[in-house]
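Residue-level structural notes
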Amino acid sequence: RITRQVTEGAVEASALRYACLVGPPGTGKTTLAASLAWSAGWDFVSTSVGAWFAGSGGHLGDVIRAARKFFDEIELSNQPIVGLIDEIDSLPNRAVMDPSDAQWWTPVITFVLTEIDRLRKSGKPVLLLAATNHFGHLDAALVRSGRLERRVSVLPPNEDERRAMFATCLGDKIGA
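Residues numbered from 1 in each chain as written. Predicted model: local features only at pLDDT ≥ 70, side-chain atom pairs only at ≥ 80, totals over all residues. Heavy atoms only, no water.

**Quick notes on helix 5 (residues 99–122)**
The first and last C-alpha atoms of helix 5 sit 34 Å apart over 24 residues, in line with the 34 Å expected at 1.5 Å per residue. Remark: the principal bend of helix 5, roughly 50°, maps to tryptophan 105, with a proline, proline 107, within the next four residues. Residues of helix 5 that are buried include every one of Trp105, Val108, Ile109, Phe111, Val112, Leu113, Glu115, Ile116, Asp117, Leu119 and Arg120, and no others. On its buried face, helix 5 sits against helix 3 (49–54), helix 4 (60–75) and strand 4 (126–132). Directly after helix 5, the chain includes glycine 123, whose backbone phi takes a positive value near 75°. (Helix = DSSP H or I, 4+ residues; strand = E, 2+ residues; numbered from the N terminus. Expected span 1.5 Å × (residues − 1). Bend = angle between axes of the 7 residues up to and from the residue. Buried < 20%, exposed > 50% of the residue type's maximum accessible area, 1.4 Å probe, protein only. Contact = heavy atoms within 4.5 Å.)

Dropping the structure here:
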């Protein structure tokens, strides 16, 4: 609903709250993010920390450039857009990081934090989401107010919920 209000100009884009979709593997977090964009008529772009490594040489500058490409694609879009960082827990939590890893990872984490802030300040119709199976592993600065501040649980449907979903598609063809 709020995405429609933002699209119509009735609500400022700053009213959108960035969120982290949390749930066990296979519960449809990525599908939910894409469906949200589709149902709102917004563009959708997805990435992951793994993709930043796969699309680069794995060197610090290469990984940051790959991340910047994702954030630039969102900010430079002329359309309302939902962006998803899948498997966000691939960014280590600085509070429990081994000091030998901190020299490499701290610039990456800091870069992601400042890019989230840049998106927020842009005033553009952007809904940034992340997905994780391990919310407790996330860096506190990542999930604080103004960043990925909402935690949205995505759990598997129970039997009644599954039946209702299929009944929507199959009508009375589904058995009792």
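**Re the side chain of aspartate 86**
Relative to the helices and strands, aspartate 86 resides in strand 3 (residues 81–86). With residues up to four places along the chain from it excluded, the contact list for aspartate 86 reads Thr30, Thr47, Ser48, Val49 and Ala131.

**A short note on the side chain of threonine 132**
By secondary structure assignment, the location of threonine 132 is in strand 4. In terms of polar contacts, threonine 132 uses its side chain to reach the side chain of aspartate 89, at 2.5 Å. (Polar contact = N/O pair within 3.5 Å; in protein donor to acceptor, adjacent residues only side chain to side chain.)

**Quick notes on the sheet that holds strand 1 (residues 19–22)**
Taken in spatial order, the 5 strands line up as 2-3-4-1-5 in an open sheet, and their pairing is parallel. Looking at strand neighbours, the two that pair on one side only are strand 2 (43–48) and strand 5 (150–153), the edges of this open sheet. Between one strand and the next, the sheet's axes are offset by a mean angle of 25°, whatever the strand orientation. In this structure, strand 3 lies alongside strand 4, joined through 5 bridges in parallel fashion. Note that in strand 4 the partner of isoleucine 85 across the bridge is alanine 130. (Pairing = 2+ DSSP bridges. Axes fitted to C-alpha atoms, helices over the stretch in contact; angles between N-to-C directions.)

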